[in-house]
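Read off the chains here:
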Amino acid sequence: MYVLIFLSYFLISHVPTQATSCLWSTHLHEIYIQPKVFESSLKAYKTDSLPFVNLIPDFLEQPTGQTVQPLDAPIGNITEYLAYVPAAYNNSPNKLWPLIIFLHGVGEIGTDINRVKNHGLPKELAQGKNLDFIVISPQCNSGSWWSTPVLENFLTQVLLKYNCNPKQIYLTGLSMGGIETWNWAIQDPDLFAAIMPVSATGNPETVGVLRQTPVWVFHGDKDQAVPYAGDKAMVDALRQAGGVVKFTTLKGKHDVWDKVYQDREIFSWLIKYQLP
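Cut-offs applied
Residues numbered from 1 in each chain as written. Predicted model: local features only at pLDDT ≥ 70, side-chain atom pairs only at ≥ 80, totals over all residues. Heavy atoms only, no water. Helix = DSSP H or I, 4+ residues; strand = E, 2+ residues; numbered from the N terminus. Buried < 20%, exposed > 50% of the residue type's maximum accessible area, 1.4 Å probe, protein only. Contact = heavy atoms within 4.5 Å. Phe/Tyr/Trp six-rings, centres within 6.5 Å; stacked < 30°, edge-to-face > 60°. Lys NZ or Arg CZ within 6 Å of the ring centre and 35° of its normal. Pairing = 2+ DSSP bridges. Axes fitted to C-alpha atoms, helices over the stretch in contact; angles between N-to-C directions. Core = buried A, V, L, I, M, F, W, Y, C linked by side-chain atoms within 4.5 Å. Polar contact = N/O pair within 3.5 Å; in protein donor to acceptor, adjacent residues only side chain to side chain. Expected span 1.5 Å × (residues − 1). Arc of directions from axis to C-beta.

Draft legend 1. Up close: the environment of Pro93. In this structure, Pro93 sits in the loop between β2 (78-85) and β3 (97-103). A relative accessible area of 38% places Pro93 in the partly exposed class. The spacing of Pro93 and Phe59 is 34 residues in sequence and 6.2 Å in space, taken between C-alpha atoms. Look past the residues within four positions of Pro93 in its chain and what remains in contact with it is Phe59 and Asn163.

Below is the structure:
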């Protein structure tokens, strides 16, 4: 895994311990990395100068299907997540899999991780949908909201644990999670191969940085919780900036996400894109 190669070398050889705030243990997979290191590692990955093949860790088998996974130590307001691993994962130790990060809405905030299965992509996976993606669905703890720096740290942990292709990371979320989909992608515009906000809104003044990122937006035409006008303004601003964006208006109110994630076309659309 190229990201593992770089992170290992980068942390061992280039970053002073006091600057990284890394918590080391006996296994590479337990490294905890702060946002500045995440940003630096991402930029360095882009150089494709990664000759340190001797630092690749052993492949770790993972439970397949959708399972609850605890973190060894909390990362901000995240202590657990759902991980969907394809059935063929353990038989393909050399394969790098595309990764979808799914962010839930306000109704799933809490400490019962099974609530995340109530809506959206985790619900579809719990009902038996099979995908050729790894799908990671973290949960916000009670009384909190999505935090981009926390999610950056969390993603680093995911990339250290699973055989993911760093050029095929996709981001989607509904309602609160859709809002953070916009926010996170705007903060890290070179990170995601494509994004898919559902029933969301954002800041049209900053969305222009995503003009190189494929975006597919979904919103209900009668949404009163997060008004339709919010996503439309994002789409209009992105198109004006030269962005590649699809906008699907669905008949319904706020909770149109079941229609979205039931449609296999979205996965065919996502997999068409990868970073250069």
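Draft legend 2. How the structure looks around the packing of aromatic side chains. Across all of its chains, the model carries 10 aromatic pairs by this definition. Residues Trp184 and Phe192 carry aromatic rings whose centres are separated by 5.0 Å and whose planes lie at 90° to one another, so their mutual orientation is edge-to-face. When its relative accessible area of 2% is taken as the criterion, Phe192 is described as buried. The ring of Trp97 has Lys95 sitting right over it, with the charged end atom 3.8 Å from the ring centre.

Draft legend 3. Representation of the sheet that holds strand β8 (residues 245-250). What the eight strands build is an open sheet, ordered β1-β2-β4-β3-β5-β6-β7-β8; its pairing is mixed. The sheet is open, and its two edges are formed by β1 (65-75) and β8, each paired on a single side. For this sheet, the mean inter-axis angle between neighbouring strands, taken without regard to orientation, is 20°. Inspection of the sheet shows β2 paired to strand β4 (residues 134-138) by four bridges, in the antiparallel sense. For Tyr84, the partnering residue across the bridge sits in β4 and is Val135. Each of β1, β2, β3, β4 and β5 (164-174) touches helix α5 (residues 148-161); the most contacted strand, β1, lies at about 120° to it. Lying on the sheet, helix α7 (residues 228-240) is in contact with β7 (215-220) and β8; it crosses β8 at an angle near 160°.

Draft legend 4. Quick look at the nonpolar core. Leu99, Ile136, Tyr162, Trp182 and Trp184 are the most contacted members of the largest nonpolar core, which totals 46 residues. For Ile136, the residues in contact, after removing those within four places along its chain, are Tyr81, Leu82, Ala83, Leu99, Ile100, Ile101, Phe102, Phe154, Val158 and Tyr162.

Draft legend 5. Inspection of the side chain of Thr172 at higher detail. Here Thr172 is to be found in strand β5. Accessibility expressed as a relative area gives 3% for Thr172, which makes it buried. Among the polar contacts made by the side chain of Thr172, one reaches the main-chain carbonyl oxygen of Met196 at a distance of 2.6 Å. Leave out the neighbours within four places in its chain, and Thr172 touches Ile100, Ile101, Phe102, Leu103, Thr181, Met196, Val198 and Tyr261.

Draft legend 6. Structural view of helix α6 (residues 176-187). Between its first and last C-alpha, α6 extends 16 Å over 12 residues, near the 16 Å set by a 1.5 Å rise per residue. What α6 keeps buried is the set Met176, Gly177, Gly178, Ile179, Glu180, Thr181, Trp182, Trp184, Ala185 and Ile186. Check the buried side of α6 and you find it contacts β3, α5, β5, β6 (194-198), β7 and α7.

Draft legend 7. Spatial organisation of the environment of Lys272. Mapped onto the fold, Lys272 is located in the segment after α9 (265-271). It is 9.9 Å that separates the C-alpha atoms of Lys272 and Pro214, two residues lying 58 residues apart in sequence.

Draft legend 8. Region of interest: α7. Given a rise of 1.5 Å per residue, 13 residues ought to cover 18 Å, and the 18 Å separating the end C-alpha atoms of α7 matches this to within 8%. Listed as buried for α7 are Gly230, Asp231, Met234, Val235, Ala237 and Leu238. The buried residues of α7 occupy one face: seen down the axis, they fall within an arc of 165°. Away from its buried face by more than 90 degrees, α7 exposes Ala229 and Gln240.

Draft legend 9. Broad picture of the environment of Pro63. Within the secondary structure, Pro63 sits in the loop between α3 (35-46) and β1. A C-alpha to C-alpha distance of 8.6 Å links Pro63 and Tyr84, two positions 21 residues apart in sequence. With near-sequence residues (within four places) excluded, Pro63 lies in contact with Gln69 and Val85.

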